[in-house]
Amino acid sequence: MAYAIEVTGLRKSYGSVRAVRDVGFTVRSGEIVALLGPNGAGKTTTLEILEGFRDRDGGFTEVLGLDPGDRSSGRELRERTGLVLQDLAVEPYLTVRETIARAAGYYFAPRTTGEVIGLVGLAGQERRKVRALSGGQKRRLDLALGLIGAPELLFLDEPTTGFDVAARRDAWQVIRQLRSEGTTILLTTHNLAEAQALADRVVVLSAGAVVAEGAPDAVGGRDTAQARISFALPDGYGIDDLPVPARAGTGAVIVETSNTTRALLELTRWADQRGIVLAGLTVDQPTLEDAYLHLTTQGAPAGAPERTTR
Amino acid sequence: MMTATLTGPPARPGRRHRGPGLLAHQIWYEQLSFWRNPQSAIFTFVFPVVFVTVIGALLGGGGRSSYFGGLSALQYYVPTIAALSVLGSCYGQLTVALALRRQNGILKRVRATPLPAWAYFAGLLAHCVLVSFVDVALIGAVGRLYGVPFPSNWFAIGVTLLLAAACFCGLGVGVASVIRNADAAPAVAQLVLFPLLFISGTYMPIHSQLLNRVAGWLPVRPFNEALLGPLALHEGPDWKHLAVVAAWGCAGTVVGVWRFRWTPRSE
């Protein structure tokens, strides 16, 4: 299958700060890939290199078969890619429709203005000035400008930051719809539920390098990790009285096991025989957030740059 | 709310404007942005008109004098204030607008589209030239009220304004390219311009041989001189002085092409 994006050994420094040390990953055509990582992990720098806004110091990058560092193919690349970035802005005195129509005139085969307005949920706002829009509406306009050129590949930098819950669901729906039409999407997000909900694969960056890559359900060994059973320790019993090995957590005891069914059976039988209740009994698989925190705190070398590279 | 459906991969190729069409598209939206912003429109047009009105009220009655090089006061001031308005709407407007647009990400957004750089700048240039023409027409009209006859050599005025406006746009882009901080842009632009206006005789005639010689090699005084003939004395284009202006315009453009940045400074 063809790769929409191929990156190997990417490096970029700002002065003495090595923002990107060794980043490599691929995005297949038609895939949604989420780039995760704490602030300063190198996500924005990586994106900006792929978008052609920054030159790389070393490594290989190919986007839609073109080198984003090559100025001569820049126009073709911009024709075929769409961008929704956080630090983009538009003229405040134009209306929503004018802003989108203006951008549409720059592309060879754009979507229609009306189609994009409906798609991002700005119907009814066409005649409002950009400066009068709310923060969430401006982000929708950003999304509209990213989509107007009917791009094969879409870069989304924290696309739903500042959205309320309903608006976020709407945006996810748009993104899924775009994928079903064959658009490839590379997105960054701090919202792990978003990565879980949208991404076919996630790439986790920490301190300028890739520390994990895989499906959201499997990344960081999530699929093989132990489940956690927790409940309040019944009055009059100690941890050693329990039929399975356990440890004390905050306000509860925690049992970690790879055989959840067996452990639950033993625990509930034990409680039932004694006529006691296991208050607050819950079973958790490690979440993407657990895996992510584990990866990004463990993977970061001491003294890693604690700064955003925006 | 998001009920619209995609109509599939677009089968509408060839919608993009090309060449002149793209330019017209760009000019139209530049015009819209400008006229919708009350501050920029008012400041650009009201300032020179107020200036020439006040000067006219103060000095309008005077005849020709040697202080003004054998001209009447208004014959002297109509061209210099016209030049000032062109400086403001080209050099002044571009330095500030470009630095601001870069800082808040508007230029980055433009750069993210396939719009060629030449079309973006040509759109800006056409806009600045248009504003310059309106400005000069307004100043000429006020001057007429104070008895300065309307110019007769329209070709000379057109050529002079077009060339000078392009050159001061080039200088504006050049200066905008080296300004790092948009907050400082108006101050930097004025810091460069203000002393230059003074020694170039914009506000009062300069009778120092030395100053005139120095200012003669800088961009403003040659422009004043080039406007004086067509605007106040019914003369043809002043190619000698326009050549100096053109040289500065080229220098500014070269700096602009070499140093221009589309993205906000990140560090």
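Treat the numbers as computed from the prediction; the structure is a model and nothing was measured. (Residues numbered from 1 in each chain as written. Chains lettered and ligands numbered in written order. Predicted model: local features only at pLDDT ≥ 70, side-chain atom pairs only at ≥ 80, totals over all residues.)

K.L.:
Give a detailed account of the overall build of chain A, specifying residues and quantitative values.
P.N.:
Looking only at helices and strands, one finds nine helices and 13 strands in chain A. With the C-alpha coordinates aligned to their principal axes, the bounding extent of chain A is approximately 75 × 45 × 35 Å. Across the 310 residues in chain A, those meeting the buried criterion constitute 42%. A sequence separation of at least 24 residues applies to 68% of the contacts in chain A between residues at least 6 apart. (Helix = DSSP H or I, 4+ residues; strand = E, 2+ residues; numbered from the N terminus. Buried ≥ 20, exposed ≤ 12 C-beta atoms within 10 Å, placed from the backbone. Contact = placed C-beta atoms within 7 Å.)

K.L.:
Describe helix H1 (residues 43–50) of chain A, and please don't skip the residues or the numbers.
P.N.:
Residues and elements named next belong to chain A. Among the eight residues of H1, eight are classified as buried, and the element is accordingly described as predominantly covered. By the burial criterion, the buried members of H1 are Lys43, Thr44, Thr45, Thr46, Leu47, Glu48, Ile49 and Leu50. Immediately beyond the C-terminal end of H1, within one or two residues, lies Gly52, with a positive phi of roughly 85 degrees.

K.L.:
Can you tell me about the packing of helix H6 (residues 154–178) of chain B against helix H10 (residues 239–259) of chain B, naming the residues and giving the values?
P.N.:
Residues and elements named next belong to chain B. In contact at an axis separation of 7 Å, H6 and H10 are set at 35 degrees when each is read in the N-to-C sense. By crossing handedness, the relation of H6 to H10 is classed as left-handed. On the side of H6, the interface is formed by Thr160, Leu163, Ala164, Ala166, Cys167, Phe168, Gly170, Leu171, Val173, Gly174, Ser177 and Val178, while H10 contributes Leu242, Val245, Ala246, Trp248, Gly249, Cys250, Gly252, Thr253, Val255, Gly256 and Arg259. (Axes fitted to C-alpha atoms, helices over the stretch in contact; angles between N-to-C directions. Left-handed = near helix turned anticlockwise from the far one by under 90°.)

K.L.:
Could you give me a rundown of the sheet that holds strand S13 (residues 282–284) of chain A, with the residues and numbers involved?
P.N.:
Residues and elements named next belong to chain A. Spatially, S11-S12-S10-S13 is the arrangement adopted by the four strands of the open sheet, whose pairing is antiparallel. Since the sheet does not close on itself, it has two edges, and those belong to strand S11 (247–248) and S13, each with one partner. Pairing of S11 with strand S12 (residues 253–257) involves two bridges; the strand directions are antiparallel. In the sheet register, Ala248 faces S12, and the bridge partner there is Val253. (Pairing = 2+ DSSP bridges.)

K.L.:
Describe helix H5 (residues 117–145) of chain B, naming the residues involved and giving the relevant values.
P.N.:
The end-to-end C-alpha separation of H5 of chain B is 43 Å, in line with the 42 Å expected for 29 residues at 1.5 Å each. Just beyond H5 of chain B, the residue with positive phi is Gly147 of chain B, at close to 90 degrees. (Expected span 1.5 Å × (residues − 1).)

K.L.:
Account for the pairing of strand S9 (residues 209–214) of chain A, with residues named and values stated.
P.N.:
Residues and elements named next belong to chain A. Inspection of the sheet shows strand S8 (residues 201–206) paired to S9 by five bridges, in the antiparallel sense. Paired with Val202 across the strands is Gly214, a residue of S9. What sits between the antiparallel neighbours S8 and S9 is a turn of two residues, in which Ala207 has the positive phi angle 50 degrees.

K.L.:
Can you lay out the environment of Gly216 of chain B for me, pointing to particular residues and giving the numbers?
P.N.:
Residues and elements named next belong to chain B. As for its position among the elements, Gly216 is in helix H8 (residues 209–216). When the C-alpha atoms of Gly216 and His241 are compared, they prove to be 8.5 Å apart, with 25 residues separating the residues in sequence. Those residues in contact with Gly216 that sit more than four places away from it in its chain are Arg221 and Pro222.

K.L.:
Could you give me a rundown of the nonpolar core, with the residues and numbers involved?
P.N.:
Counting 77 residues, the largest nonpolar core has Ile100, Ala144 and Val204 of chain A as its most contacted members. Beyond its immediate sequence surroundings of up to four residues, Val204 of chain A is in contact with Leu36, Gly37, Val210, Val211, Ala212, Val219, Tyr292, Leu295 and Thr296 of chain A. One finds Tyr76, Val78, Cys128 and Ile139 of chain B within the second-largest nonpolar core, a separate group that totals 60 residues. (Core = buried A, V, L, I, M, F, W, Y, C linked by C-beta atoms within 7 Å.)

K.L.:
Explain the packing of H6 of chain B against helix H9 (residues 220–232) of chain B to me, using residue names and the numbers behind them.
P.N.:
Residue and element names in this part refer to chain B. Where H6 contacts H9, the axes come no closer than 9 Å and their chain directions differ by 160 degrees. Comparing the axis directions of H6 and H9 gives the class roughly antiparallel. Our pair here, H6 against H9, has a crossing hand that is left-handed. Between H6 and H9, the contacting residues are Ala156, Ile157, Thr160 and Ala164 on the first element and Phe223, Ala226, Leu227, Pro230 and Leu231 on the second. Residue composition of the contact of H6 with H9, by class: eight nonpolar, one polar and no charged. (Parallel < 35°, antiparallel > 145°, perpendicular 65-115°, else oblique. Nonpolar A, V, L, I, M, F, W, Y, C, P; charged D, E, K, R; others polar.)

K.L.:
Which residues make up the pairing of strand S6 (residues 153–157) of chain A, and what values do they have?
P.N.:
If a strand is regular, its side chains alternate between the two faces of the sheet. Residue and element names in this part refer to chain A. In terms of burial, S6 is largely enclosed, as five of its five residues are buried. Every second residue of S6 is oriented toward a common face, with Leu153, Phe155 and Asp157 on one face and Leu154 and Leu156 on the other, all of them buried. In this sheet, S6 lies alongside strand S5 (residues 81–84) in parallel orientation, the contact comprising four bridges. Paired with Thr81 across the bridge in S6 is Leu153. Bridge count for S6 against strand S7 (residues 184–188) is five bridges, and the pairing is parallel. Note that in S7 the partner of Leu153 across the bridge is Thr184. Viewed along the sheet, the connection from S6 through helix H6 (residues 165–180) into S7 turns out right-handed. (Right-handed = clockwise from strand over helix to strand, strands pointing away.)

K.L.:
Provide a residue-level description of unusual backbone geometry, including the pertinent values.
P.N.:
Residue and element names in this part refer to chain A. Its identity as a non-glycine residue notwithstanding, Leu64 has a phi of 50 degrees, on the positive side. Positionally, Leu64 belongs in the loop between strand S4 (58–63) and helix H2 (74–80). Overall, the presence of 20 C-beta atoms within 10 Å leaves Leu64 in the buried class.

K.L.:
So what's going on with the confidence of the model for chain B? Residues and values would help.
P.N.:
All names here are of chain B. Per-residue pLDDT for chain B averages 85, and the proportion of residues at 70 or more is 93%. Summarising per-element confidence for chain B, the mean pLDDT is lowest in helix H2 (residues 38–59) (84) and highest in H10 (93). Reported confidence for the predicted complex is 0.81 by ipTM and 0.81 by pTM. (pLDDT = per-residue confidence, 0-100.)

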